[in-house]
Amino acid sequence: METDEGGESGSAHCTKRPPSPPCGDEDPSKSTTGDDDDDEWLVSDSGSEDGDDHEGTYPPFTIDDIPRPSCDHKEQSDVMFRNPDAKLRGPLPIRLFPAFKADRHYFGSDYNLADKSQISVNSVEDCPDECCCFPMSLLQFIDVKIAGYRHTHPGTTKVYGFIAARERFDPLRNYVYWRETEKCESVPVKRKTGVARLSLTGPARVISMTTRALIEFEIHARNEDETTGDDDLIIEGCTQLENMFESKSFIEQGRLYGKRCALDIKYMVLINAVEARVEVTVLRLGSTRPSSVNMKLYAKTSGFNEVIQLFRGTAPEPGVRMSFAVAVERHSGFDLYIEGSPKDDPILGQKLRPYQWWECGFASGYHGTSEEVAELGELAAFSVKVTWRSYMKNTAEWYARC
C-alpha cells in the first residue's frame, strides 16, 4: 500500500466467495453458503417481458398512453404540474430543456455549452507536502433507462449516443454514457412499456455538485433488423439537477418526457465525499479463448443498497486495464464485486452455469492506494487498484469560487 505524504490511506477487507453449483436444477443466482446472499448483487437487464419497473400501486405508462410532449415550456409544465398520472405512474417528472443548437440557450453561459470538450482526469494538481484537501458534494449515477420507446420490431434494439454531466466550475463534458454509431449497444426492450436499461460507461472522474449540475444527452436507436433503415434520434435535451444545500446524502429518481420516449435517471448526491479511482486489469483468463468468460463489475457506496453497474459483458483480454470513478462519503467506504462465468458453449449450445465471485470493501481517504488481486478460481484473475483523491483544495481560488 502506498500513501501520499501528508495524507491518509484507505484500508481494504476482501472476501473470495465459493463457486456456484455446477449444473443441474439448482438456481445459479443463489449462493450455496448460508451467510452469503448473492441476491444483493443481482441486476437484471430488463426483467420480465411485461414486468413493472415502477414501484407503486399504479400501473406504469405503456407505449400507448405515455405523455409525449415537446420541449415547449407550456407542454413540459402540463406534464409536471397538471398531469396527475405523471407523478403516479412513473418517476417524478423533470423539466426537459431543448438541446444546445445555437449561440443562445437557457443554460448556455452558465455551463459553456458551446464547448464540447471532455473533462480531464488530471485537471487538479496534487497536494503539496501538507494536505489541503476538502471533501466534496458529488453526483453519482446509478441507473439510466429509456421508457415508452415504440420501435418497429419489438425485442432488442441498438442504441448509441451520449449522456454527459457538466459542473458549474469546470463546465466540460463528463461522459457517463458514450456509444458511437459503429459501437452500438444492443439492449432488450420491454414490449408494453418500451423500457430498456442503458449500460453506463463513465464518468471520467467524479462529478462535482456543490449546488447544481447540468445533464445533457442525445440518444439514437435503431432495430436489429438493419434492412428497415430505422435509425432515429429518440430523445435529446438537457436538464439541471439541484443539490439545494442538503446536509445529508440522498437518492433521487426522475423522468424526462420527450416526443419519442422518456429518459429515466436514478442518481445519488453524496455530501462530504471523495473520489475512488478504480482500476481493474485482467491478469489471466483460464479459458483458451479470452472471449469465453463473462464478467460483472459492480459497486455499492457509502452504506446505500443500490447497485452501481460499472461493467457487464465479455471480459477484456489479459493486460487490458479498465478505469472507473466512484463517489464515496468520507468516514465511510464502498464495496466492489467481481463475478466471472463461462459463456455459452458455441458448439454444444449448452449453458455452463458455474461461476465464481469476489468481494472487497475499501475505507475512504483523501489519499492513498489499495491494491488487491481478485482470484476467481480457474476462470480468471484481476488486479484491482483503488486510488483516493479530492478535487477540492483549501485555497483562496476554491474559496472564491464557492
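Look a little higher up for the structure.
Residues numbered from 1 in each chain as written. Predicted model: local features only at pLDDT ≥ 70, side-chain atom pairs only at ≥ 80, totals over all residues. Heavy atoms only, no water.

Caption draft 1: Expanded view of the overall build of the protein chain. If you tally the helices and strands in the protein chain, you get 4 helices and 21 strands. Counting across all 402 residues of the protein chain, residues that qualify as buried make up 51%. In the protein chain, once contacts between residues fewer than 6 apart in sequence are set aside, the share between residues at least 24 apart is 74%. Accessible area for the protein chain stands at about 19,200 Å²; split by element, carbon and sulfur atoms hold 47% of it. (Helix = DSSP H or I, 4+ residues; strand = E, 2+ residues; numbered from the N terminus. Buried < 20%, exposed > 50% of the residue type's maximum accessible area, 1.4 Å probe, protein only. Contact = heavy atoms within 4.5 Å. Areas by Shrake-Rupley, 256 points an atom, 1.4 Å probe, with all protein chains shown as cover.)

Caption draft 2: Spatial organisation of unusual backbone geometry. Cis rather than trans, the peptide bond between G202 and P203 has omega equal to 0°. Relative to the helices and strands, P203 resides in the loop between β8 (196–197) and β9 (207–208). Not every positive phi belongs to a glycine, and N272 is a case in point at roughly 55°. Within the secondary structure, N272 sits in strand β13 (residues 262–285). By relative accessible area, N272 is classed as partly exposed at 44%. Non-glycine residue S302 carries a positive phi angle of around 55°. The exposure class of S302 is buried, given its relative accessible area of 10%.

Caption draft 3: Looking closely at the pairing of strand β4 (residues 136–147). The element β4 is extensively covered by neighbouring structure, given that 12 of its 12 residues are classed as buried. Pairing of β4 with β13, which is carried by 10 bridges, proceeds in the antiparallel orientation. Residue pairing across strands places V144 opposite I265, the latter belonging to β13. Pairing geometry for β4 and β9, over 2 bridges, is antiparallel. From the neighbouring strand, L139 faces β9, where its bridge partner is I207. (Pairing = 2+ DSSP bridges.)

Caption draft 4: The environment of I215, seen in detail. By the secondary structure assignment, I215 is in strand β10 (residues 212–223). For I215, a relative accessible area of 1% translates into the label buried. Taking C-alpha positions, I215 is 6.2 Å from Q240, a pair spaced 25 residues apart along the chain. When residues no more than four places from it in sequence are discounted, the contact partners of I215 are L139, F141, I163, A164, A165, G237, C238, T239 and L241.

Caption draft 5: Structural detail: the nonpolar core. Core analysis: the biggest nonpolar cluster contains 35 residues, and L139, F141, I163 and I265 have the highest contact counts within it. Elements with a minimum of two residues in this core: β4, β5 (156–167), β6 (174–179), β10, β11 (231–242), β12 (250–257) and β13. Residues contacting I265, with those up to four places away along its chain left out, are I94, F141, D143, V144, L241, E252, Q253, G254 and L256. Grouped together as the second largest cluster of nonpolar side chains are 32 residues, M295, F334, I338 and A380 included. (Core = buried A, V, L, I, M, F, W, Y, C linked by side-chain atoms within 4.5 Å.)

Caption draft 6: Layout of helix α1 (residues 73–82). Taken together, the buried positions of α1 are occupied by Q76, S77, V79 and M80. Buried residues of α1, seen end-on, are gathered within an arc of 160° and therefore sit on one face of the element. Across from the buried face of α1, at angles greater than 90 degrees, the exposed residues are K74, F81 and R82. In the core, the buried residues of α1 are packed alongside α2 (85–88), β2 (92–93) and β12. Where α1 begins, the capping side chain belongs to D72, and its oxygen is found 3.0 Å from the backbone nitrogen of K74. (Arc of directions from axis to C-beta. Polar contact = N/O pair within 3.5 Å; in protein donor to acceptor, adjacent residues only side chain to side chain.)

Caption draft 7: Just the pattern of salt bridges, in detail. For the structure on display, the rule yields 20 salt bridges. Here E40 ties to K300 by a salt bridge, and the two come within 3.3 Å at their closest N and O atoms. Note that E40 is positioned in the loop between β1 (12–17) and α1 and K300 in strand β14 (residues 293–301), a separation of 260 residues in sequence. Where salt bridges share partners, they join D65, D85 and R89 into one cluster. (Salt bridge = Lys/Arg side-chain N within 4 Å of Asp/Glu carboxyl O.)

Caption draft 8: Structural detail: the state of the cysteines. Here the structure, examined in full by the defined rule, presents 0 disulfides. C238 provides the cysteine sulfur closest to C71, a residue in no disulfide bond, and the two sulfurs are 8.1 Å apart. For C71, a relative accessible area of 28% puts it in the partly exposed group. (Disulfide = S-S within 2.5 Å.)

Caption draft 9: Highlighting the pairing of strand β18 (residues 356–363). Along β18, 7 of the 8 residues are buried, which leaves the element largely enclosed by surrounding structure. The pairing of strand β17 (residues 333–342) with β18 spans 8 bridges and is antiparallel. By the bridge assignment for β18, E339 is matched with W357.

Caption draft 10: Fine view of the packing of aromatic side chains. Per the stated rule, a full pass over the model turns up 12 aromatic pairs. Measuring from ring centre to ring centre gives 4.1 Å for Y175 and W178, while their planes differ by 20°; the resulting arrangement is stacked. Take W178: its relative accessible area is 40%, and that puts it in the partly exposed class. Ring centres of F334 and W388 lie 5.9 Å apart, and the angle between their planes is 70°; this geometry places the pair in the edge-to-face category. Here F334, found in strand β17, pairs with W388, found in strand β20 (residues 380–389); they are 54 residues apart in sequence, far enough to count as distant. Given the relative accessible area of 1%, F334 is considered buried. Through a chain of ring-to-ring contacts, three or more aromatic side chains come together here, namely F97, Y106, F107 and Y111. Here R205 stacks its cationic end above the ring of Y391, 4.3 Å away from the centre of that ring. (Phe/Tyr/Trp six-rings, centres within 6.5 Å; stacked < 30°, edge-to-face > 60°. Lys NZ or Arg CZ within 6 Å of the ring centre and 35° of its normal.)

Don't take any of this as a statement about function, it's just geometry.
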